[in-house]
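Fold and geometry: a report
Read off the chains here:
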Amino acid sequence: MRVPLLFLLLFCMATPLLGADTTRRYVPQYDESVRSDCVRAATSNAVRNLYDESAASNWPTISLSALISAR
Amino acid sequence: MKLEDDFLKTLQSAEQVGDPRWVKSTCQVQLEIPATRVSYALRQFADANPKKSPLTGLEIDRAARNWPQPVFGATGSAAGSGADIRPRADRVGSRWASVPADIRQRALDDAAADAAHRVMASVKDIPLGDKKTVGNAFADPQISSRVRNWITSRPMSRVDFQDNLDVEIALWPPSRASFRRLPRDITEP
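Here the structure is a predicted model, which is why all the values come from computation and not from measurement.

Points about the domain arrangement of chain B
- Annotation of chain B at the domain level lists domain 1 (2-79) and domain 2 (89-187).
- Centre-to-centre, using C-alpha coordinates, domain 1 of chain B lies 32 Å away from domain 2 of chain B.

Put into structure tokens, the structure is as follows:
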């Protein structure tokens, strides 16, 4: 029982004992705000694709883009 | 343009299907909107602008009844740093098909670096006070390098692999939250 505990303790202390830098560095791909910007960008693209999808639906004589760009 | 904006606003009210999906640093979002909501928005426009609209509300109703699906759905994606971005499957016959993955990645990195260069050039004259400008701050290689990294880490919202082997990208502008973090991100080691 003592040996596994000793290994567990050593494992937990390995990083500080070996002098590794434990401070968090700025890594863009793990940045939550970059990730949420990525979700926003994907959502905006989905809306644009939704527009194209509805524009491609059946209309009697006119395209949706012509309809909504009518002045 | 006004109606197009209004119509896009209607589409922005589409429901998200499930959570965003992450595939190798690429985010995918799926949206759905009932066809009735789309036709309602268009009918409102037609009814409010009978002289401008090329279709009457009745014609829009009739057309909407023939739509094969009760909902419109679409997926959008954006790529974060480290995403494996390839030309679309329907463009495999293009000249990009024979370009090795590492060269393609370098082209994307160069495009992002070029975008960062343009952004930095466009803000260099902004005064920072004390007769200093943003350009003066960029003269410090450490600051300019961090700002460049910060810009190139923005998500790519559009990638266009052109037939002449140019690649054009659009970087998603930072949200307020990301922008507020900028000073910390570029000053912390």
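That shown, we press on.
Remarks on helix H1 (residues 2-12) of chain B
Residues and elements named next belong to chain B.
- Buried within H1 are the following residues: Phe7, Thr10 and Leu11. What you see down the axis of H1 is that its buried residues fit within an arc of 100°, all on one side. Facing away from the buried side of H1, by more than 90 degrees, are the exposed residues Lys2, Asp5 and Lys9.

Some remarks on the confidence of the model for chain B
Residues and elements named next belong to chain B.
- Across chain B, the average pLDDT comes to 86, with 94% of residues at 70 or higher.
- Averaged pLDDT values for the elements of chain B fall to 70 in helix H7 (residues 176-187) and rise to 96 in strand E1 (residues 15-16).
- We note a pTM of 0.74 for the whole complex and an ipTM of 0.81 for its interfaces.

Structural notes on the packing of helix H2 (residues 32-55) of chain A against H1 of chain B
- At their nearest, the axes of H2 of chain A and H1 of chain B sit 9 Å apart, and the two run at 110° to each other. Put simply, H2 of chain A runs roughly perpendicular to H1 of chain B. For the pair H2 of chain A and H1 of chain B, the crossing hand works out as right-handed. Residues Val47, Leu50 and Tyr51 of chain A of H2 of chain A form the contact with H1 of chain B, whose participating residues are Leu8, Leu11 and Gln12 of chain B.

What to know about the interface of chain B and chain A
- Opposite the 46 residues of chain B that make contact, chain A presents 35 residues.
- For the side of chain B that touches chain A, the secondary structure elements donating two or more residues are H1, strand E3 (26-34), helix H2 (35-48), helix H3 (57-65), strand E4 (71-79) and H7 of chain B.
- Broken down by class, the residue content of the side of chain B that touches chain A amounts to 23 nonpolar, 16 polar and 7 charged.

Focus on the nonpolar core
- Membership of the largest hydrophobic core comes to 36 residues, with the highest contact counts inside it found for Ala42 and Leu50 of chain A together with Leu31 and Ala78 of chain B.
- Every element with two or more residues in this core is listed here: H2 of chain A together with H1, E3, H2, H3, E4, helix H4 (101-123) and strand E8 (167-171) of chain B.
- Of all the elements, H2 of chain A adds the most residues to this core, at 9 residues.
- No fewer than three residues from each of domain 1 (2-79) and domain 2 (89-187) of chain B sit in this core.
- If we skip the residues at most four places from it in the chain, alanine 78 of chain B touches Cys38, Ala41, Ala42 and Asn45 of chain A together with Cys27, Pro155, Met156, Ser157 and Trp172 of chain B.

Considerations on unusual backbone geometry
All names here are of chain B.
- Phi angles above zero are rare outside glycine, and lysine 24 is one such case at about 45°.
- Judged by C-beta crowding, with 10 C-beta atoms within 10 Å, lysine 24 ranks as exposed.
- The backbone of leucine 165 sits at a positive phi, close to 70°, despite the residue not being glycine.
- Tracing the backbone shows leucine 165 in the loop between strand E7 (156-161) and E8.

Some details on the environment of arginine 148 of chain B
- As for its placement among the helices and strands, arginine 148 of chain B is situated in helix H6 (residues 141-152).
- Along the sequence, arginine 148 of chain B and alanine 112 of chain B sit 36 residues apart, while their C-alpha atoms lie 9.3 Å from each other.

About the criteria used
Residues numbered from 1 in each chain as written. Chains lettered and ligands numbered in written order. Predicted model: local features only at pLDDT ≥ 70, side-chain atom pairs only at ≥ 80, totals over all residues. Domains from an automatic or database assignment. Buried ≥ 20, exposed ≤ 12 C-beta atoms within 10 Å, placed from the backbone. Helix = DSSP H or I, 4+ residues; strand = E, 2+ residues; numbered from the N terminus. Arc of directions from axis to C-beta. pLDDT = per-residue confidence, 0-100. Axes fitted to C-alpha atoms, helices over the stretch in contact; angles between N-to-C directions. Parallel < 35°, antiparallel > 145°, perpendicular 65-115°, else oblique. Left-handed = near helix turned anticlockwise from the far one by under 90°. Contact = placed C-beta atoms within 7 Å. Nonpolar A, V, L, I, M, F, W, Y, C, P; charged D, E, K, R; others polar. Core = buried A, V, L, I, M, F, W, Y, C linked by C-beta atoms within 7 Å.

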